[in-house]
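# Tertiary structure, described
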Amino acid sequence: MNAVASPAVLDSQLAGEMYSRMTLIRLFEEQANELYRSAKMPGLTHLYIGEEGVAVGVCSALRRDDWITSTHRGHGHCLAKGAEPGRMFAELLGKEAGYCRGKGGSMHIADHENGNLGANAIVGGSAGIATGAAFSAKRRGTDQVAVCFFGEGALGQGLVYEVMNMAALWSLPVIYVCENNLYNEYTHYLEATAGELLARPRAFGIESREVDGQDVRAVHGETAELVARARSGGGPAFLLANTYRYHGHHVGDVDRTYYRSKDEERLWRDDRDPIALHGMWLEAQKVATADDLRRIEDEARAEIERGLAFALAAPYPDPSQVHEDVFA
Ligand SMILES: Cc1ncc(C[n+]2csc(CCOP(=O)(O)OP(=O)(O)O)c2C)c(N)n1
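This write-up is about the structure you can find in this document.

### Section: the nonpolar core
Across soluble globular proteins, you tend to see nonpolar side chains buried next to one another. Membership of the largest hydrophobic core comes to 56 residues, with the highest contact counts inside it found for Val 58, Met 88, Val 147, Phe 149, Ile 175 and Val 177. If you tally residues by element for this core, the top one is helix H1 (residues 12-37), at 11 residues. Discounting residues that sit within four places of it in the chain, Phe 149 has contacts with Val 54, Ala 55, Val 58, Cys 59, Ile 68, Thr 69, Ser 70, Thr 71, His 77, Ser 126, Val 177 and Glu 179. Ala 130, Ala 134, Ala 154 and Tyr 176 belong to the second largest nonpolar core, which has 32 residues in total.

Now the structure itself:
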C-alpha cells in the first residue's frame, strides 16, 4: 500500500486497500496466536487484533521512504508499512529467512526497505529512534517524515518527553502516534497516567489531535494532514488514537476478568470493530459489495497460508551464526 492520498480525498482504490490490509493483519495475528498455542513459536507475542485501524490509517498516509518505529505489539505496524507475512512468520519462528534472520523474533522486527526502523520491546524506547530519524531527515534536507507508534503506557517514560522537547525546539518532522488501548498490561491507564493525555504534548507546543482509532478513514485523514504539515517544515505532531486490544496483553493472558469485564470486550468487538465498520462504509458508499469483501478476505487468507507454509518449511540459521549481528 503506502499510497499517498491527498489529505482531503480518499479514493475508492485506497479505501479498498485499507480493508484488505486490515484483514491481512487480523488473519496474520490469528495465525500467530495459533503458532503459540500449538507450541511452534518460541516465546510469546502481543496481538494487535482490534487496533488495525490505527496502523493502516497511519501507514496509508506515508510514503515508502518515510519511517516508522514500533512496539512490542508491532506486527500490525510492520504489515501496514509493507512487510511480507512470510518473512514475518519466519522471524516469529526464528528462521533464517526472517526479517532479522530469525534473531529478533516477534518484538524486534525491522524492515528497512519499507522504512520500518524496528520494533522495540522497551516501552517508549523507539521514541528516541524516530526522533533521531526525523533529525537526520532535517539535517540532510530530505522531506521524509518519521512516525513513532507507542502505547499510552509509554507516557510514563521520561525519554518520550526528552525527545518531544527536542522535536519541538528543532521543528522536526516526527509524528508521535499514541495508541490508547486503555490498558498498560493489566492496569487501566487512568490508574497510571495523571491529567489529560493531550496536555502533555501541548505543554511543548506540539500540534496535538485526538482521533477514533476504530475509524480507519479518520485516522488516515488526520495523519495525512499532519504528514503534509511535517513534510513542509511545520514541525512535530502528536496523534492520540483511541482503540482497544481484543486479546490479552500477550497471548498467555487468557483470563482477563480480574482487570476488565467481558461486557466491555464484547462492546468493542461487536460495535467498534475497525474492519467491520470500514466494510459497512464501503458497502454503503457502493465502493464494494459483500462479495467483493469476501473475495478480499479470501485473498488475504491465501496470502497468510502461503506465508505460513513458506516459514514453516524455511531452515533455521546455522548455529555458527550465533555471534553475528550482535551489537553491544
Ligand atoms: C521500560 C519498560 N518498562 C516496563 C516494561 C514491561 N511492559 C511491557 S509492555 C508494558 C505495558 C505497555 O502498555 P502500553 O505502552 O500502553 O502498550 P500496549 O501493551 O497497551 O500496547 C509494560 C509495562 C517494558 N517492556 N519496558
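### Observations regarding the sheet that holds strand E3 (residues 146-151)
Pairing is parallel across the open sheet formed by 6 strands, whose spatial order is E2-E1-E3-E4-E8-E7. Two strands in the sheet have a free side with no partner beyond their single neighbour: strand E2 (116-119) and strand E7 (207-212). Shown here is a sheet whose adjacent strand axes are inclined to one another by a mean of 15°, direction ignored. Across 2 bridges, strand E1 (residues 67-70) lies against E2 in parallel orientation. Bridge pairing links Ile 68 to Asn 116 in E2. Sheet strands touched by helix H8 (residues 216-231): strand E4 (174-180), E7 and strand E8 (237-242). Its angle to E7, the strand with the most contacts, is close to 165°.

### Brief notes about a nonpolar patch on the surface
There is a patch of nonpolar side chains on the surface, built from Phe 135, Met 166, Leu 169 and Trp 170 and spanning about 400 Å² of accessible area. Within the secondary structure, Leu 169 sits in helix H6 (residues 158-169).

### Description of the site of the ligand
For the ligand, the set of nearby residues contains 15 residues, the closest of which are His 72, Arg 73, Ala 121, Gly 153 and Tyr 183. Here an oxygen atom of the ligand and a side-chain polar atom of Arg 73 are 2.8 Å apart. The separation between a nitrogen atom of the ligand and a polar main-chain atom of Ala 121 is 2.9 Å. When the ligand is considered free in solution it has 590 Å² of accessible area, and contact with the protein chains removes 73% of it. Within the shell around the ligand, the residues separate by chemical class into 5 nonpolar, 7 polar and 3 charged.

### Concerning the side chain of His 46
Within the secondary structure, His 46 is located in the loop between H1 and helix H2 (52-59). Apart from residues no more than four positions distant in its own chain, His 46 is found in contact with Glu 29, His 72, Arg 73, Met 107, His 249 and His 250.

### Considering the pattern of salt bridges
For the coordinates displayed, the defined rule picks out 23 salt bridges. Residue Arg 37 is joined to Glu 34 by a salt bridge in which the shortest nitrogen-to-oxygen separation is 3.2 Å. Taken together, the residues span about one helical turn, with Arg 37 and Glu 34 both in helix H1 at a distance of 3 residues. For Arg 37, a relative accessible area of 61% puts it in the exposed group. You can call Glu 34 partly exposed: its relative accessible area is 36%.

About the cut-offs
- Residues numbered from 1 in each chain as written.
- Predicted model: local features only at pLDDT ≥ 70, side-chain atom pairs only at ≥ 80, totals over all residues.
- Heavy atoms only, no water.
- Core = buried A, V, L, I, M, F, W, Y, C linked by side-chain atoms within 4.5 Å.
- Buried < 20%, exposed > 50% of the residue type's maximum accessible area, 1.4 Å probe, protein only.
- Helix = DSSP H or I, 4+ residues; strand = E, 2+ residues; numbered from the N terminus.
- Contact = heavy atoms within 4.5 Å.
- Pairing = 2+ DSSP bridges.
- Axes fitted to C-alpha atoms, helices over the stretch in contact; angles between N-to-C directions.
- Patch = residues over 30% accessible without salt bridge, like charges linked within 9 Å, V, L, I, M, F, W, Y side chains within 5 Å.
- Areas by Shrake-Rupley, 256 points an atom, 1.4 Å probe, with all protein chains shown as cover.
- Salt bridge = Lys/Arg side-chain N within 4 Å of Asp/Glu carboxyl O.
- Near = heavy atom within 4 Å.
- Polar contact = N/O pair within 3.5 Å; in protein donor to acceptor, adjacent residues only side chain to side chain.
- Nonpolar A, V, L, I, M, F, W, Y, C, P; charged D, E, K, R; others polar.

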